[in-house]
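What follows is the residue order along each chain.
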Amino acid sequence: MTDTADSPTVAQRSERVVLRRGIGYLVGSILVPGSAQLVGGNRRVGVVALRVIGALLGLVIVLGLVSLVWRTPAVTLLASGWFWKRMQWVLIVLGVCWAALVLDAWRVARPMGMAPRSRLGFGIGALLLAMAVFFGSLGLGSMARAQGDLLSKVFAGGGSRKATAGRINVLLLGGDAGADRTGLRPDSITVASISEQTGRTVLFSLPRNLEDVDFPPSSPLHKLYPHGYSCPDHSCLLNAVYMLGQDHKDLYPGVADPGVQATKEAVEQTLGLSMNYYAMIDLQGFISLIDAVGGITLDVNKRVPIGGGTSKVFGYIEVGKNKHLDGYHALWFARSRHGSTDYERMIRQKCVMNAMLNQLNPATVVVKFNDIAHAGQQIAATDVPASEVNRLMTLATKAKAKPISSVSFTPPLIYPGNPKLAVIRQTVKQRISASEALDDPSRRSSTPGSSGTSGSTNTSGSDGSTDTSKSTGAAGPSGSAGEPGSSSSPTTAAGSGSSAKPTAPASDDNGTPQPQNDDLSQVCAVS
């Protein structure tokens, strides 16, 4: 006779079957919402749920296919604030419906047919899954809303998409605001001039302590400073133009940021280039941005102190190849002043920008998208519209594939205390011409600055910066015909002619003379 004392009874076997079926319903509801209803509940509800899922998947597939053929509309949509704000409600509604289907799967499983202990555990499990789905959808909806607010602010538009002479010019400002600063002052002023056709880029860096900048006749500030922004005490510096614009908001009716507009006008007149767009980032937000992309790697060829100025030096960024810097150290590397000059800082800042450009890739953007978006909330202003994001992304991709030429307007090329603006404009013209000649062999032999003379095309690929002490010999002579205020001697622009000596020394914000270093080419490099 068979011993059946330990064998499950018919009732126990039935309870286990019901439990397994219930677990299957819950798992199915998580993986394919509506499947439980389709198998053991209200088939109409299940069919509707599956059709909604199918429609959403089809929409994603169509969007993916469209982005392969017409990428601009797809990127514009994803970069539009209104899209993500509406996605918030879509995600919340879907989450509520999904959570309801999970709870209904518990009902469809007929939990009363389970053992009392299993019934309690099954009920708690179903409730926890439903809550996870619901609160997860709320979290995603909140992220979508934040993303929408961010994109609406960042890509508010206002810039000009029209290229000038085949080039897109972008003004990049690093805003230096803080508790010890009165207002916001751009601490880093760089213009990226990009070939619309090839993406080849030339970076022009202007010192923050540049004096006597002009405003174009169309600028409201031209009437106040018809002979240039100049002060007897040398306090009228380029980085003070921002607050000058803010102090004269009445001259810029309807302009969202008069300070940026004034700075933009001064830079345009100084370089002889029309700006299409600008972007200004608070350098404190720079830490979050660098950390969001996983840090940057570059060669540090000169020891850089951490601290100094009004506080003591409490550390150093040591010399080394392929040094990986997080946001904190990258910020100090870019802006440290102790034992350095403004000109050296400009070189370091360009190294950091080049490192970000070369090392940031689409995969990083996707993986770190939310972190980058959060860091982007600290962007002070930009006038790039959502419709231009894809165009600029394409240009950035092209730019990464080519060496970046870089020019720093520092001594002995020009002296900030007494700048030769004609030299600056002529250098800009010739360096752009030399850059364009690299993609047009027919122009190489006749283009100034492209003959291979030392410093004619310094690129970020070798040292991340421009050797400013040598760039003028081939690319920026001041003795060009028809340039007012220029000298007939090329050595003047290089700082060896007596006429190039400043009447006021290069100085910092407080008028303190800055030490000069004519050999800054080995401060840092981007591998």
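Conventions adopted
- Residues numbered from 1 in each chain as written.
- Predicted model: local features only at pLDDT ≥ 70, side-chain atom pairs only at ≥ 80, totals over all residues.
- Heavy atoms only, no water.
- Salt bridge = Lys/Arg side-chain N within 4 Å of Asp/Glu carboxyl O.
- Helix = DSSP H or I, 4+ residues; strand = E, 2+ residues; numbered from the N terminus.
- Buried < 20%, exposed > 50% of the residue type's maximum accessible area, 1.4 Å probe, protein only.
- Axes fitted to C-alpha atoms, helices over the stretch in contact; angles between N-to-C directions.
- Parallel < 35°, antiparallel > 145°, perpendicular 65-115°, else oblique.
- Contact = heavy atoms within 4.5 Å.
- Nonpolar A, V, L, I, M, F, W, Y, C, P; charged D, E, K, R; others polar.
- Expected span 1.5 Å × (residues − 1).
- Arc of directions from axis to C-beta.
- Core = buried A, V, L, I, M, F, W, Y, C linked by side-chain atoms within 4.5 Å.
- Phe/Tyr/Trp six-rings, centres within 6.5 Å; stacked < 30°, edge-to-face > 60°.
- 1 Å grid on protein atoms, 1.4 Å probe; cavity = no way out; pocket = protein on both sides within 12 Å on 5 of 7 lines; lining within 4 Å.
- Points joined across faces, edges and corners; volume = space filled by probe spheres on them.
- pLDDT = per-residue confidence, 0-100.
- Polar contact = N/O pair within 3.5 Å; in protein donor to acceptor, adjacent residues only side chain to side chain.

Observations regarding the pattern of salt bridges
Okay, so step 1: Applying the stated criterion across every chain, the model contains eleven salt bridges.
Okay, so step 2: One salt bridge connects Arg303 with Glu318, and the closest N-O pair in it is separated by 3.1 Å. Note that Arg303 is positioned in the loop between strand S5 (296–300) and strand S6 (304–307) and Glu318 in the loop between strand S7 (313–317) and strand S8 (320–325), a separation of 15 residues in sequence.
Okay, so step 3: Relative accessible area serves as the criterion here: at 44%, Arg303 is assigned to the partly exposed category.
Okay, so step 4: For the salt bridge of Asp439 with Lys402, the shortest nitrogen-to-oxygen distance reads 3.5 Å. Highlighted residues: Asp439 in the loop between helix H16 (421–437) and helix H17 (441–444) and Lys402 in the loop between helix H15 (389–400) and strand S10 (405–408), separated in sequence by 37 residues.
Okay, so step 5: The partly exposed category is assigned to Asp439, whose relative accessible area is 32%.
Okay, so step 6: In this structure, a network of salt bridges that share partners links the residues Arg200, Lys402 and Asp439.

Some thoughts on the packing of helix H4 (residues 71–78) against H15
Okay, so step 1: Taken N-terminus to C-terminus, the directions of H4 and H15 make an angle of 115°; their axes are 8 Å apart at the nearest point. Comparing their axes, H15 and H4 come out roughly perpendicular. Between H4 and H15, the residues in contact are Arg71, Thr72 and Val75 and Val389, Asn390, Met393 and Thr394, respectively.
Okay, so step 2: A class-by-class count of the residues in the contact of H4 with H15 yields three nonpolar, three polar and one charged.

Quick word on helix H1 (residues 10–31)
Okay, so step 1: Taking 1.5 Å of rise per residue, the 22 residues of H1 would be expected to cover 32 Å, and the 32 Å separating its terminal C-alpha atoms lies within 8% of that figure.
Okay, so step 2: Those residues of H1 that fall on the buried side of the exposure criterion are Val18, Gly22, Tyr25, Leu26, Gly28 and Ser29. All buried residues of H1 project into a common sector of 165° when viewed along the axis, lining one side. More than 90 degrees from the buried face of H1, the exposed residues found are Arg20 and Leu31.

Section: the nonpolar core
Okay, so step 1: If you look at the biggest cluster of nonpolar residues, it comprises 37 residues, and the most contacted ones within it are Phe204, Leu271 and Phe409.
Okay, so step 2: Sorting the residues of this core by element identifies strand S1 (167–176), strand S2 (185–195), strand S3 (201–206), helix H8 (241–247), helix H9 (258–271), strand S4 (277–282) and H16 as the ones contributing at least two each.
Okay, so step 3: In contact with Leu271, other than residues within four places in its own chain, are Val191, Phe204, Leu206, Phe409, Ile424, Arg425 and Val428.
Okay, so step 4: Counting 22 residues, the second largest nonpolar core, distinct from the first, contains Ala330, Leu331, Ala355 and Cys524.

Remarks on the packing of helix H11 (residues 327–335) against helix H12 (residues 342–359)
Okay, so step 1: The N-to-C vectors of H11 and H12 enclose an angle of 145°; their axes lie 7 Å apart at closest approach. For the pair formed by H11 and H12, the contact residues are Ala330, Trp332, Phe333, Ala334 and Arg335 on the first element and Arg345, Arg348, Gln349, Cys351 and Val352 on the second.
Okay, so step 2: Taken together, the residues of the contact of H11 with H12 break down into six nonpolar, one polar and three charged.

Some thoughts on the packing of aromatic side chains
Okay, so step 1: Taken as a whole, this structure holds eight aromatic pairs when the rule is applied.
Okay, so step 2: Ring geometry for Phe83 and Trp84: centres 5.3 Å apart, planes at 85°, overall edge-to-face. Like Phe83, the residue Trp84 is buried in the burial classification.
Okay, so step 3: Both rings, one in Phe215 and one in Tyr225, keep their centres 6.4 Å apart while their planes meet at 45°; by these two values the pair is tilted. One end of the pair, Phe215, is in the loop between S3 and helix H7 (220–224); the other, Tyr225, is in the loop between H7 and H8, and ten residues separate them in sequence.
Okay, so step 4: Residue Phe215 is classed as buried on the basis of its relative accessible area, which comes to 2%.
Okay, so step 5: Taken together, the ring pairs connect Trp82, Phe83 and Trp84 into an aromatic cluster.

Details of the side chain of Ser435
Okay, so step 1: You can see Ser435 is positioned in helix H16.
Okay, so step 2: A relative accessible area of 3% places Ser435 in the buried class.
Okay, so step 3: With sequence-adjacent residues up to four places away left out, Ser435 is seen in contact with Arg200 and Val202.

What about the layout of surface pockets?
Okay, so step 1: Taken as a whole, the second largest pocket encloses approximately 950 Å³ of empty space.
Okay, so step 2: Taken together, 30 residues line the second largest pocket, and the ones lying closest to its centre are Leu56, Met87, Val90, Leu91 and Leu94.
Okay, so step 3: Among the secondary structure elements, those contributing two or more residues to the lining of the second largest pocket are H1, helix H3 (43–69), H4, helix H5 (81–108) and helix H6 (116–154).
Okay, so step 4: Residue contributions to the lining of the second largest pocket peak at eleven residues, all from H3.

Things to note about the confidence of the model for the protein
Caution applies to low-pLDDT parts of the model: their predicted coordinates are not meant to be read in detail.
Okay, so step 1: Mean pLDDT over the protein works out to 76, with 76% of the residues at or above the 70 mark.
Okay, so step 2: The low-confidence segment residues 178–182 (pLDDT under 50) makes four contacts with residues lying over four places distant or belonging to another chain.
Okay, so step 3: Scored below 50 in pLDDT, residues 449–520 shows 175 contacts in the model against residues more than four places distant or in partner chains.

What about the environment of Arg167?
Okay, so step 1: Tracing the backbone shows Arg167 in strand S1.
Okay, so step 2: Placed 32 residues apart in sequence, Arg167 and Gly199 show a C-alpha to C-alpha distance of 8.9 Å.
Okay, so step 3: Setting aside chain neighbours within four positions, we find Arg167 in contact with Ser193, Ile194, Ser195, Glu196, Arg200, Val202, Asn276, Ile432 and Glu436.
Okay, so step 4: At 3.0 Å, the side chain of Arg167 and the side chain of Glu436 are in polar contact.

As for unusual backbone geometry
Okay, so step 1: Residue Pro411 is joined to Pro412 through a cis peptide bond whose omega torsion reads 5°.
Okay, so step 2: Structurally, Pro412 is set in the loop between S10 and H16.
Okay, so step 3: At Ala165, a position not held by glycine, the phi torsion is positive, near 55°.
Okay, so step 4: Considering the arrangement of structural elements, one finds Ala165 in the loop between H6 and S1.
Okay, so step 5: Residue classification places Ala165 among the exposed residues on the basis of a relative accessible area of 72%.
Okay, so step 6: Phi angles above zero are rare outside glycine, and Asn322 is one such case at about 50°.
Okay, so step 7: By the secondary structure assignment, Asn322 is in strand S8.
Okay, so step 8: A relative accessible area of 47% means that Asn322 is categorised as partly exposed.

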